[in-house]
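This is what each chain is made of:
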Amino acid sequence: MTIFHPRIVTHCFISVSGLIRLLRTAVLCSVIPGFLVLSGICFIQPVQAQDNAAGPVETNTRIFDIPAGPLDRALDRFARTAGVNLTYDPALISNRVTRGLNGRHDISAGLMLLLAGNSIEVIRQPGGGYTLHKVPATGNPTTDGKAVLPTLTVKADSLKQGTAEEGYRVSNISGIGLWGERSLRDTPYSISVVPSDLIENINAQNMGQIFKMNPLTQEPIIQNFTGTPHVTLRGFPTFNPVYDGIPMAGSNGSAVSVIEIDRVEILSGTSGFLYGGGRVGGAINYVTKSSTDVPLRRLTFGNYGGTQFYGHADISGKFDERGRFGYRANLLYQGGDTAIGESVNQKVANIVLDGHLTDTLYVDVKYTYNDYSKEATQPEFYLMERTNLDTSKRYTPKFAANDLESHKAYTSVRWDPSKHFTLRSAFFYQNTRMRVNQIVLNEQVDRTFIPEMYNSIWSKYENYGGYIYLDTRFSTLAVDHKLTVGYSSTVLDQVLAVGGASWIGTTSFPLSELKNIAEPNWEWIESSEAADTNFNRYNNVLIGDDVTFNDQWSAMVGLNYATTINRGTGWYGDGRQYEKSALTPSVSVLYKPIEDVTTYISYMEALERGMIVGNTYTNRGEVFPPLVSKQYEAGLKYDINPNLLLSTALFRIEKANQFSNLARPTPTFIRDGLQVHNGVELVLTGKVTDNLTIMGGGTLMDINVEKSNDPALEGKKPTNAATRMGKIYAEYALPWVKGLSLTGGIYYTGERYANAANTDKLPSYTLYDIGARYSTRIRDKALTVRLNVINLTGKDYWQSATYLGVPRTIAFSVSTMF
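Presented here is an overview of the structure given in this document. (Residues numbered from 1 in each chain as written. Predicted model: local features only at pLDDT ≥ 70, side-chain atom pairs only at ≥ 80, totals over all residues. Heavy atoms only, no water.)

## Observations concerning the sheet that holds strand E15 (residues 190-195)
Under the convention used in this document: In this description, strands pair whenever DSSP reports at least two bridges between them. The helix count covers DSSP runs of H or I at least four residues long, the strand count covers runs of E at least two residues long, and both are numbered beginning at the N terminus.
Taken together, the five strands give an open sheet; going across it, the order is E15-E21-E22-E19-E20, and neighbouring strands pair in mixed fashion. Both edges of this open sheet fall to E15 and strand E20 (246-247), since each of them pairs with a single strand only. Note: strand E21 (residues 261-268) against strand E22 (residues 282-288), seven bridges, orientation antiparallel. For Ile266, the partnering residue across the bridge sits in E22 and is Ile284.

Have a look at this one:
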């Protein structure tokens, strides 16, 4: 028997613009007049990736919200959403499963993704609609002598999303905690995604520029040592990054380069259930690049500001005609001085191999080498009275240098043995050697400064971790379940070699002379077998159920039995091991009043280890009990149009208050009171019109310290937490000059306090960026020229209590295909 879905017929045809659209979303297909061959990953006659650079195209698209599960239900839902007829034999799809389809897709491309891995060909009917047939395993001719290629499993996050033509709007997230790939709109957390197109188009040399622009994040301190930012979300600092869904136990040694990043997924809000200990304010997931489905050959030459010239090559494609196995290589060389004369030298190599070992088994392996050095790194300032300093000047000598060498490896596996089960696993390892020269400038009464310098020898950092999750799909009565159980673990093993030197000056210098001071005669402490060690580990045993009641109501419920372990010696503690566990729950309920709107409420807890106070504090060795933070959130997400998403959230976070009192020469680490952060967030991302792209929004918070034993702290604001932020980045494609876009942004950060007593206030500031981008073709090769001016007005400001902001910087680049 043949099933016929009587749907409203939409004339679906593959035009030239449709082909460009398919290429731009990295879907391969084979189009033959009157006949469309589908093979999981579709195939097309090889075309260079630059063919998509001509600009925006119009396609027949829909927004899909089809969960993973039985294929018959998914096809029925697809037909209703797309408004097309589907004809097939029910035996063809019996006992078959799909990974689902979420977000905005071209109808033909969406159907290809929905059927991926099921050995089904699609024939487009002349009058509209599609007929489904089984693909012969041999690939022999089926109809009209046209051969059909074998099918493969598609890895959804390999498909290009968030392009400039789409307004940087991303439909799906790669995964969040134990929850797998899913629609961004149907995820009950506040999330903003920064795609690689945006990173490239603003000429970002590190992630600081991205977080400065994002309305959910404060502009972070960029570590002089590794370039990894310490991001503040909802008023809480986030030190531990996440790589491809694997949480790190610490940021030390976790170097990251912009050339290896495909997207940055910013989760605003408590994420302890998802990623384990810490991350009260949120989590930053760096999703790395995978191979592309069409050949990519791109060279970029540019300047990050000052004399920092660089060259970047991005090469990708498939090894075989069937598209089973792919590769990608990103290579970077950067050298020269920043806008204020800091010498930077960086070499990065990122290699990716991925492939479909079988129709249902996907494996990838990724490796990144990073060799980074920086001279004249900016110092930490300790001021007697808060004043603005000139950010366009350098205040440290050239010998204040930091060096880093990092090797990072990652592998993941996904296996779909049946429609009921999916096994997901990944492992990450990073080995980093680092040498640090830190300078501290202490202000004197006469506004001069006495320098302190710490010069270490090479130290070693190991970050490693992984996860394994099993997804099980089943139904109870009319309720669909996706039950996930799993385990994740992450470790930071830090060995600070006993060796190096320190120097504390006795002579004060005016700011203008600090960069010219002579290198001291270091009294080196010889390295020995003894070393100061810091071992952090987080283990998580998780279970979660993604429940779908009907098209409008769903829920996500889970438990994480989280364990935190810490052991430190020497600089980091007295050798005692700290180990505590707690059961942290999460509950979310989602409701869709209409097709394009998702509302949700959620509750989540997060475990944080109690600190063993280190040797740098007066209360060395004191052990604090563990912390359990709580978050309540309600939110709404609205697809205003297929390329424009509005998200807003109300939240409340409760966390124990702990801080350094910043006393000199030796501070004390203190826990006292409860931090309560109440706030609202709003983010708008995408195309407002065909020519205008917006990424903007803001955060408003009411934050206080409550229940303090010290009356002087009651009602005070937590440190380095801006209660107001408003940011907007825009691009406007000039309709009268094809390929030319004007870009710019305005970023406001409200006042913050530098100390717990709230006697030292960091002023609010507003930064302005402008730029332009021009895309064209020369000899049939795509060419893009970018120009960006960062901090246009040269605003002097403080990124934090002790670090200065970014000076005016002019960056430019030229990218061409070859």
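And the narrative resumes.
## Considerations on helix H2 (residues 71-82)
Residues spaced three or four apart along an α-helix point in a common direction, a consequence of the helix completing one turn every 3.6 residues. Note the cut-off: Expected span, for any helix, means 1.5 Å times one less than how many residues it has. Residue burial is assigned from relative accessible area. The probe radius is 1.4 Å, only protein chains are included, and a residue is buried under 20% of its type maximum, exposed over 50%, and partly exposed in between.
For H2, spanning 12 residues, the distance from its first C-alpha to its last is 16 Å, which sits close to the expected 16 Å at 1.5 Å a residue. Among all positions in H2, only Leu71, Ala74, Leu75, Arg77, Phe78, Ala79 and Ala82 are buried. Remark: Gly83 follows H2 within two positions and exhibits a positive phi of approximately 70 degrees.

## Regarding a nonpolar patch on the surface
Stated formally: Exposure above 30% relative accessible area and the lack of any salt bridge qualify a residue for a patch; like charges then connect within 9 Å, and the nonpolar side chains Val, Leu, Ile, Met, Phe, Trp and Tyr within 5 Å. To be clear on the numbers: accessible area is Shrake-Rupley with a 1.4 Å probe, and residue cover counts the displayed protein chains and nothing else. When a carboxyl oxygen of Asp or Glu is within 4 Å of a side-chain nitrogen of Lys or Arg, the pair counts as a salt bridge.
Taken together, Trp415, Phe421, Leu423, Ile468, Leu470, Val485, Tyr487, Val541, Ile543, Leu559, Tyr561 and Leu583 make up a surface patch of nonpolar side chains, about 1000 Å² in accessible area. Elements that contribute at least two residues to the nonpolar patch include exactly strand E30 (421-435), strand E33 (459-476), strand E34 (479-497), strand E36 (531-548) and strand E37 (553-568). Inspection of the secondary structure assignment puts Trp415 in strand E29 (residues 401-415).

## A word on the sheet that holds strand E16 (residues 221-222)
Read from one edge of the open sheet, three strands run E16-E17-E18, paired in antiparallel fashion. Both outer strands of the open sheet, E16 and strand E18 (236-238), are each paired with one neighbouring strand and no more. Of the strand pairs in this sheet, strand E17 (residues 229-233) and E18 are connected by three bridges, and their pairing is antiparallel. Among the inter-strand pairings, Val231 is bridged to a residue of E18, identified as Thr238.

## Some remarks on the pairing of strand E27 (residues 361-375)
Successive residues of a regular strand alternate their side chains across the two faces of the sheet. Examined bridge by bridge, strand E26 (residues 343-358) and E27 share 14 bridges and lie antiparallel to one another. Each bridged residue has a counterpart across the sheet, and for Ala349 the counterpart in E27 is Tyr369. Between the antiparallel neighbours E26 and E27 lie two residues. Bridging between E27 and E29 involves 15 bridges; their strand directions are antiparallel. Bridged to Val363 within E29 is Val413.

## Digging into the environment of Lys419
As for its placement among the helices and strands, Lys419 is situated in the loop between E29 and E30. With relative accessibility at 17%, the residue Lys419 sits in the buried group.

## With respect to the nonpolar core
As a rule of thumb, nonpolar side chains are buried together in soluble globular proteins. Stated formally: Among the buried residues, those of types Ala, Val, Leu, Ile, Met, Phe, Trp, Tyr and Cys that are joined through side-chain atoms within 4.5 Å form a nonpolar core. Residue contacts follow a heavy-atom distance rule, with two residues in contact if any of their heavy atoms lie within 4.5 Å.
Judged by nonpolar contacts, the single largest core of 61 residues is most densely connected at Ile176, Tyr189, Ile199, Met207, Val264, Leu274 and Tyr286. A per-element tally of this core places E21 first, with four residues. Filtering out sequence-adjacent residues up to four positions away, Ile176 remains in contact with Thr187, Tyr189, Ile191, Leu267, Leu274 and Tyr275. Within the second largest apolar cluster, 23 residues are counted, among which are Ile66, Phe78, Ala82 and Leu115.

## Comments concerning unusual backbone geometry
A positive phi angle is found at Asp244, which is not glycine, with a value near 50 degrees. Counting through the fold element by element, Asp244 comes out in the loop between strand E19 (242-243) and E20.

## A word on the packing of H2 against helix H4 (residues 107-114)
Operational definition: Here an axis means a line fitted to C-alpha atoms, over the contact stretch when the element is a helix, while the angle between two N-to-C directions is reported on a 0 to 180 degree scale. In these notes the angle categories are as follows: under 35 degrees is roughly parallel, over 145 is roughly antiparallel, 65 to 115 is roughly perpendicular, and the rest is oblique. In this classification, the charged set is Asp, Glu, Lys and Arg, the nonpolar set is Ala, Val, Leu, Ile, Met, Phe, Trp, Tyr, Cys and Pro, and all remaining amino acids, among them Gly, are polar.
Close contact between H2 and H4 brings their axes to 11 Å; oriented N to C, the two are set at 175 degrees. Between H2 and H4, the interaxial angle falls into the category roughly antiparallel. Here Leu71, Ala74, Leu75, Phe78 and Ala82 of H2 lie close against H4, whose contacting residues are Ile107, Gly110, Leu111 and Leu114. Classifying every residue of the contact of H2 with H4 gives eight nonpolar, one polar and no charged.

## Examining the packing of aromatic side chains
As a reminder, the rule being used: Working definition: rings of Phe, Tyr and Trp (its six-membered ring) pair if their centres are within 6.5 Å, and the pair is stacked with planes under 30 degrees apart, edge-to-face with planes over 60 apart, and tilted otherwise.
Inspection of the entire model under this criterion finds 14 aromatic pairs. Here the aromatic rings of Trp179 and Phe273 are separated by 6.2 Å at their centres, their planes lie at 50 degrees, and the arrangement is tilted. With a gap of 94 residues between them, Trp179 in the loop between strand E13 (172-173) and strand E14 (182-183) and Phe273 in helix H7 (residues 272-275) connect regions that are remote in the sequence. Judged on exposure class, the residue Trp179 and its partner Phe273 are both buried. Between the aromatic rings of Phe381 and Tyr395, the centroid separation amounts to 5.8 Å while the plane-to-plane angle is 85 degrees, which identifies the pairing as edge-to-face. You can see Phe381 sitting in strand E28 (residues 380-382) and its partner Tyr395 sitting in the loop between E28 and E29, a full 14 residues away along the chain.

## Concerning the side chain of Glu380
Under the convention used in this document: Polar contacts here mean pairs of N or O atoms no more than 3.5 Å apart (in protein, one a potential hydrogen donor and the other a potential acceptor; neighbouring residues in sequence count only if both atoms are side-chain atoms).
Structurally, Glu380 is set in strand E28. For Glu380, a relative accessible area of 17% corresponds to the buried category. Of the polar contacts made by the side chain of Glu380, one reaches the side chain of Thr802; its length is 3.4 Å. Residues contacting Glu380, with those up to four places away along its chain left out, are Gln438, Ile439, Val440, Leu441, Thr802 and Tyr803.

## Re the pattern of salt bridges
Applying the stated criterion across every chain yields a total of 35 salt bridges. The partner of Lys289 in a salt bridge is Asp314, and the shortest N-O contact between them spans 3.7 Å. Of this pair, Lys289 sits in the loop between E22 and strand E23 (296-303) while Asp314 sits in strand E24 (residues 309-318), and the two are 25 residues apart along the sequence. Taking the shortest distance from any N to any O, the salt bridge between Arg433 and Glu405 comes out at 3.3 Å. Taken together, the residues Arg433 in strand E30 and Glu405 in strand E29 connect sequence positions 28 residues apart. In this structure Arg433 comes out as partly exposed when scored by relative accessible area, which is 33%. Accessibility expressed as a relative area gives 23% for Glu405, which makes it partly exposed. Members of the salt-bridge network, linked through shared partners, are Arg169, Arg185, Asp186, Lys592 and Asp639.

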